[in-house]
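Understanding the architecture of this molecule
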Amino acid sequence: MDAKNKRNVSFRGSEDFLDIEIKEPITHAAGYLGVREALKHTFKEMGVLRSMRTLLSMNQKNGFDCPSCAWPDPEHPAPGVEYCENGAKALGDEATTSHIGVDFFKKYSVEELSQLTDFQLNKFGRLTEPMVLKPGNVHYQPISWQETFDLIADELKKLNNPDEAIFYTSGRSSNEAAFLYGMFARALGTNNLPDCSNMCHESSGVALGETLGIGKGSTTLEDLYEAEVILIAGQNPGTNHPRMLSALEKCKQNGGKVISINPLEESGLVNFKNPQHVKGWIGGGEDMADIHLPVNINQDIPLVKLILKKLLALEQEYKNVFDHDFIKKYTDGYDALISDLATYSSKALLNKTGVSEAKIDETVALLANKSKIIVCWAMGLTQHKNGVENIREYVNLLLLKGAIGKPNSGTCPVRGHSNVQGDRSVGIQHFVDKEMNDRIKKHLGFAPPDHEGVDVVGAMKAMHEGNAKIFMCLGGNFLMAASDTEYTAKGIQNCDLTVQVSTKLNRTHLITGKTALILPTIGRSEKDMKNGKPRHFTVENSMGRVKKSKGILKPASETIMSEPEIIANIAHAYFGENHPMQWKSLGEDYELIRTQIDQVAKGFSNTKERSEGAGYYLPNNVRNLDFSMLPNGKAQITINKLPVHDLAKDEYMLMTIRSHDQFNTTIYGLDDRYRGVYNARRIVFMNTDDMKAVGLKKLDIVDITSTYDNLVRIAHNFKVVPYNIPSGNLASYFPETNVLVPYNHFAERSKTPISKSIKVRLVKK
Ligand SMILES: Nc1nc2c(c(=O)[nH]1)N[C@H]1C(S)=C(S)[C@@H](COP(=O)(O)OP(=O)(O)OC[C@H]3O[C@@H](n4cnc5c(=O)[nH]c(N)nc54)[C@H](O)[C@@H]3O)O[C@H]1N2
Ligand SMILES: Nc1nc2c(c(=O)[nH]1)N[C@H]1C(S)=C(S)[C@@H](COP(=O)(O)OP(=O)(O)OC[C@H]3O[C@@H](n4cnc5c(=O)[nH]c(N)nc54)[C@H](O)[C@@H]3O)O[C@H]1N2
Ligand SMILES: [Mo]
């Protein structure tokens, strides 16, 4: 590493224990407390009047899309209250009235800031001025916008080849920003476009593409309302997609059943008090999961196989459990699956799941005569070595039951970031899409590269091995989000230039390349004005609907710039006027970008008009039962191996999860109210029998270690919290535990890091 880059920075932050308090977990989600918490956070961050005015506009037809998760809005939003506790927190976090600029960076050195926790860094407020950290310096200094564009263009011109530049995207960017960014990378000549999906739902994309021909889910919001059974596997909606609970409530009120499949019994899936109506404030709320299957971490495949075996036994007896007409007409691979199921012993499968047979039988009885079935899932399925197989196995269940491509049934991967799906649809992808490339050539007039670029894991490796010189991020917090924090940090520090287009301060601004830039940008809730006129964006939700989003607040400062304009200006500084893309005009007039999106991105058309109001659905072959793009023109029933974990006697399986007070690496607060943890993040949830067996007591301090390929990684100082979690399983929060996730262990084919099944040991201090 260049000596100039050896700033004495910490990638860990402080490890102080505050006044940790452990209470009983709460069994019901939202209700009055949820509303109170939501408003408390937003009022504190942005004042009472500003909060109320802005919340009334969130997820409304002429307002802006909530910056938190990607759960869709109903076609007819409830006037003024179409948001949840965590959406309100996300808004408060973005629209905070605390701001930081030149004086702040003069006062604090990068080294000093790096000693603080992620929670403290975020609390400083919105970034308001472009800043540069020059080689060897320990303070960021102000820089003009034009100088930043010229600096980036000059560094890009120095590269030996365009693949020495990497362009990361986090899923909060609009379709317009993501499109320009993706096209800029391609115009330069690289597909190095890793994005947060690579760490998130990539396994879903791969599995659904292989089995059903489209890497997205097939259900609409309305499908959930009248489903007969909804399975929720590896997802914690009470915290991460709270508005989903309103849809589940409707399903329950219509007589539907909910099954939760999760090592933890998460609050939102026990009981939900809907704050949108009176019963939710004073009544007992709606009981959610009818059956909870506390599966061992990463044992969903044995669980589904056992359910399939038991359904098959009923089928052989009654002949009406599987949908044979559907299977014959639309699927491939049925016979092979049935023969494969016969090779497993039910007892061995049962042992692996850790679930009682009675509960599995109850599930099977419920599924046997139902066909309107939806499977919802999130990170509990995707972030394992066999993440792709996990999802294929659940798809098998749906296919055997004919629960695909019909109303009230199908796949529902619940997306994370509010526009992560849209970013992918408009071209943020590291792999080559030949059809898109042809359209780029035809409509945009340049030849995009035809070799694959790096994904997140590839980017980490390229930087670490010194093969990447420039690392630019459109949002996100790559250092803390990616696996193997120490490895990633070293990689980032190898770069000549790192560029962060951001709203808030985070650790990726502090662990940097030799030169680093912070480019502050406009948030979702803010007005984006040009020549006295407001502009708007479009976004795509988790169910494939594209719609307009228009901010209403005054931007955090007059100096910040919109994402499309930042990208357009960099492209203009690099290409000048002599390029088929008129970058400057595109940055100014988003209608021009939308016209190009319509020409280049599959399924987009007349977005200008159709994105108004409730917006429009992108085409989805599964909804039309069209599998013509797959082998034999059929949906694929697949055979998936059982996951193998060779745990040593003293090893546990650790999942890294979100607390109720964070959005990914943004830490809003230090409580995990639903799980009863207050004022602490460095904790590890553990089964009480397991604690007894090794002599650990409540709040004992341990180091968590993981050993892969003979390398021991350590996460220091975690307090043990006794919890209702299956024996042998542990849970702890990300990003603090990302130091344990080995960079070279990830899901087969999707390359999603194994953040939910890490083999670890506990070392008592
Ligand atoms: N408030 C808030 N909202 C968010 C986010 C946030 O951080 N905060 N993040 C957003 C993003 S980007 C995403 S991707 C989503 C994430 O949404 P989730 O996937 O709900 O988030 P996690 O906390 O990772 O929770 C994973 C769940 O899977 C369970 N689980 C873990 N391993 C297994 C397993 O092997 N099998 C099964 N069946 N279950 C398992 C865990 O117990 C946990 O309940 O949320 C989005 N929304
Ligand atoms: N161990 C472990 N690791 C994980 C996960 C896990 O479950 N366990 N989950 C993974 C998942 S699912 C995901 S999606 C990734 C998340 O990875 P990222 O998307 O990279 O991380 P975030 O924490 O969402 O990014 C937060 C930063 O985004 C910036 N930001 C916020 N809004 C905007 C905006 O509108 N525009 C711009 N330009 N910037 C903005 C702010 O500066 C903020 O600090 O993490 C992954 N990492
Ligand atoms: Mo995510």
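Rules used throughout
Residues numbered from 1 in each chain as written. Chains lettered and ligands numbered in written order. Predicted model: local features only at pLDDT ≥ 70, side-chain atom pairs only at ≥ 80, totals over all residues. Heavy atoms only, no water. Near = heavy atom within 4 Å. Polar contact = N/O pair within 3.5 Å; in protein donor to acceptor, adjacent residues only side chain to side chain. Areas by Shrake-Rupley, 256 points an atom, 1.4 Å probe, with all protein chains shown as cover. Helix = DSSP H or I, 4+ residues; strand = E, 2+ residues; numbered from the N terminus. Nonpolar A, V, L, I, M, F, W, Y, C, P; charged D, E, K, R; others polar. Domains from an automatic or database assignment. Buried < 20%, exposed > 50% of the residue type's maximum accessible area, 1.4 Å probe, protein only. Contact = heavy atoms within 4.5 Å. Phe/Tyr/Trp six-rings, centres within 6.5 Å; stacked < 30°, edge-to-face > 60°. Lys NZ or Arg CZ within 6 Å of the ring centre and 35° of its normal. Buried area = accessible area lost by both parts, 1.4 Å probe. Salt bridge = Lys/Arg side-chain N within 4 Å of Asp/Glu carboxyl O.

Points about the site of ligand 1
With respect to spatial proximity, 31 residues lie near ligand 1, and among them Asn 262, Glu 266, Asn 298, Asp 300 and Gln 662 are the closest. With respect to ligand 1, the backbone of Ile 261 contributes an N or O atom lying 2.9 Å from a nitrogen atom. With respect to ligand 1, the backbone of Met 379 contributes an N or O atom lying 2.8 Å from an oxygen atom. Relative to its unbound accessible area of 910 Å², ligand 1 is 99% covered by the protein chains. Contributions of two or more residues to the shell around ligand 1 are made by helix H11 (237-240), helix H19 (379-382), strand E25 (652-657) and strand E26 (662-663). Here the shell around ligand 1 is built from residues that sort into 12 nonpolar, 15 polar and 4 charged. If you count residues domain by domain, the shell around ligand 1 takes at least three from each of domain 3 (202-413) and domain 4 (652-764).

Considering the site of ligand 2
Taken together, 30 residues form the shell around ligand 2, and within it Tyr 168, Ser 170, Ala 481, Glu 563 and Thr 665 come nearest. A distance of 2.6 Å separates an oxygen atom of ligand 2 from a polar atom in the side chain of Tyr 168. Between ligand 2 and Val 501 there is a distance of 2.9 Å, counted from a nitrogen atom to a backbone nitrogen or oxygen. With the chains in place, 97% of the 940 Å² that ligand 2 exposes on its own is no longer accessible. Two domains share the shell around ligand 2, each providing at least three of its residues, namely domain 2 (99-199 + 419-524 + 557-609) and domain 4 (652-764).

Some remarks on the side chain of Ser 260
The residue Ser 260 is located in strand E9 (residues 257-261) in this model. Among the residues examined, Ser 260 registers a relative accessible area of 2% and is labelled buried. Not counting chain neighbours up to four residues away, the residues in contact with Ser 260 comprise Ile 232, Leu 269, Ala 289, Ile 291, His 292 and Leu 293.

Regarding the packing of aromatic side chains
Overall, the coordinates contain 21 aromatic pairs when judged by the stated rule. Judged by centre distance (6.0 Å) and plane angle (85°), the rings of Phe 184 and Trp 583 are edge-to-face. Of this pair, Phe 184 sits in helix H8 (residues 175-188) while Trp 583 sits in helix H27 (residues 583-588), and the two are 399 residues apart along the sequence. Neither residue differs from the other here; Phe 184 and Trp 583 are each classed as buried. When the centroid spacing of 3.7 Å and the interplanar angle of 5° are considered together, the rings of Tyr 487 and Tyr 743 count as stacked. With Tyr 487 in helix H25 (residues 485-493) and Tyr 743 in the loop between strand E32 (729-733) and strand E33 (758-764), this pair connects stretches of sequence that are 256 residues apart. With relative accessibility at 10%, the residue Tyr 487 sits in the buried group. One aromatic cluster is present, built from ring pairs that chain together Phe 167, Tyr 181, Phe 184, Tyr 574, Phe 575 and Trp 583. We note Lys 250 situated over the ring of Tyr 225; from NZ or CZ to the ring centre the distance is 4.6 Å.

Brief notes about the domain arrangement of the chain
Quoted interface sizes are often the accessible area lost when the parts come together. Structurally, the chain comprises domain 1 (36-92), domain 2 (99-199 + 419-524 + 557-609), domain 3 (202-413) and domain 4 (652-764). One C-alpha centre belongs to domain 1, the other to domain 3; they are set 30 Å apart. Tallying the contact residues gives 13 residues for domain 1 and 13 residues for domain 3. Summing both sides of the interface, domain 1 and domain 3 together bury roughly 1100 Å²; the carbon and sulfur share of this comes to 61%. When the area that domain 1 buries against domain 3 is broken down by residue, the three leading residues are Cys 69, Trp 71 and Cys 84, summing to 52%. Across the contact surface, domain 1 and domain 3 share 1 salt bridge. Across the salt bridge formed by Arg 243 and Asp 73, the nearest N and O atoms sit 3.2 Å from each other. Joining domain 1 to domain 3, the criterion identifies 3 residue pairs in polar contact (both at pLDDT 80 or more).

A closer look at the environment of Ser 371
Along the chain, the position of Ser 371 falls in the loop between helix H18 (357-368) and strand E14 (373-377). Along the chain, Ser 371 and Ala 187 lie 184 residues apart, while their C-alpha atoms are 48 Å from each other. Ignoring sequence-local partners within four residues, the contact set of Ser 371 consists of Glu 228, Lys 401, Ala 403 and Ser 409.

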